Amino acid sequence: MRFLPLVILLLCAGCRDFAVDLGEDLPGKAFRSFDVRAHVPFEISVGDEAYLQIADMTLSFNMVLADTRCPDGVGCEHPGKADILMDISRTGGDDHQIVLQIPGQVRTPYELNDFVQHRQERFQLLSLVPYPVEGTETAEADYIATIYIDR
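These numbers come from a predicted model, not from an experiment.

Reading the values: rules and limits
Residues numbered from 1 in each chain as written. Predicted model: local features only at pLDDT ≥ 70, side-chain atom pairs only at ≥ 80, totals over all residues. Heavy atoms only, no water. Helix = DSSP H or I, 4+ residues; strand = E, 2+ residues; numbered from the N terminus. Buried < 20%, exposed > 50% of the residue type's maximum accessible area, 1.4 Å probe, protein only. Contact = heavy atoms within 4.5 Å. Areas by Shrake-Rupley, 256 points an atom, 1.4 Å probe, with all protein chains shown as cover. Core = buried A, V, L, I, M, F, W, Y, C linked by side-chain atoms within 4.5 Å. Salt bridge = Lys/Arg side-chain N within 4 Å of Asp/Glu carboxyl O. Phe/Tyr/Trp six-rings, centres within 6.5 Å; stacked < 30°, edge-to-face > 60°. Lys NZ or Arg CZ within 6 Å of the ring centre and 35° of its normal. Pairing = 2+ DSSP bridges. Axes fitted to C-alpha atoms, helices over the stretch in contact; angles between N-to-C directions.

Quick word on the overall build of the protein chain
- Helix and strand counts for the protein chain come out as 1 helix and 9 strands.
- Along the protein chain, helices and strands appear, N-terminal first, in the series α-β-β-β-β-β-β-β-β-β.
- Taken over 151 residues, the protein chain has a buried fraction of 36%.
- Intrachain contacts of the protein chain at a sequence separation of at least 6 include 48% that bridge at least 24 residues.
- Per element, the accessible surface of the protein chain, about 9,400 Å² overall, is 54% carbon and sulfur.

Thoughts on the nonpolar core
- Counting residues in each nonpolar core, the largest one holds 27 residues, and the members touching the most others are Phe42, Ile44, Phe61, Ile84 and Ile147.
- In this structure Ile147 touches Val40, Pro41, Phe42, Ile44, Leu59, Ile84, Leu100, Gln124 and Leu125, once residues within four positions along its chain are discounted.

Thoughts on the pattern of salt bridges
- Per the counting criterion, the structure on display carries 6 salt bridges.
- For Asp67, the salt bridge is made with Arg69, and the minimal N-O distance between the two is 2.8 Å.
- Under the relative-accessibility criterion, Asp67 is labelled partly exposed at 24%.
- Since its relative accessible area comes to 5%, Arg69 is described here as buried.
- The salt bridge partner of Arg122 is Asp150, with a shortest N-O separation of 3.0 Å. Taken together, the residues Arg122 in strand E8 (residues 121-129) and Asp150 in strand E9 (residues 144-150) connect sequence positions 28 residues apart.
- Using a relative accessible area of 18% as the deciding quantity, one classes Asp150 as buried.

A short note on the packing of aromatic side chains
- Counted by the stated rule, this structure contains 2 aromatic pairs.
- Seen from their ring centres, Phe34 and Phe42 are 6.2 Å apart, and the 70 degrees between their planes marks the pair as edge-to-face.
- What makes Phe34 buried here is its relative accessible area of 17%.
- Pairing Phe115 with Tyr148 gives two aromatic rings, centres 6.3 Å apart and planes at 65 degrees, and the pair type is edge-to-face. Here Phe115, found in the loop between strand E6 (94-103) and strand E7 (116-118), pairs with Tyr148, found in strand E9; they are 33 residues apart in sequence, far enough to count as distant.
- The exposure class of Tyr148 is buried, given its relative accessible area of 19%.
- The lysine or arginine in question, Arg122, covers the ring of Phe115, its NZ or CZ lying 3.9 Å from the ring centre.

So, the sheet that holds E9
- Read from one edge to the other, the open sheet built from 4 strands follows the order E2-E9-E8-E7, with strand pairing classed as antiparallel. Two strands bound the open sheet, and with one partner strand each, they are strand E2 (42-45) and E7. Across the sheet, the mean angle from the axis of one strand to that of its neighbour is 35 degrees, orientation sign disregarded.
- By the bridge criterion, 3 bridges tie E7 to E8 in an arrangement that is antiparallel. Bridging from a neighbouring strand, Val116 pairs with Phe123 of E8.

Written out as structure tokens, the structure reads:
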């Protein structure tokens, strides 16, 4: 019974509807802000912002939540997956977050990946590089996601 408040707190934290402030810059990383179009895949790095004018929306690659994809050349029971957190900001303070994921051991761009719906837009993670290599850890600043927005 004494763990119930902790469980409730964790559940509520998972339902938040606001941007996460990492409070730290990634060392040696120059962040970009650029315009994108619907129906045209684009690459975005952690910390970068992409602006979709038709929706008056800014999409930011906040962080890699998990990368459990099975490294190339390694025999794994499951292919694993990678999850990334994206911030969506619109004029008027309408901020939200979405989680996009991609399974491991798939050819990229992985156009069969599920879409995540938010308002009129649908977001799809087509690839996340670099792909894991056995025995090495990827720095968060090195990740690049390829995103597709359908509207």
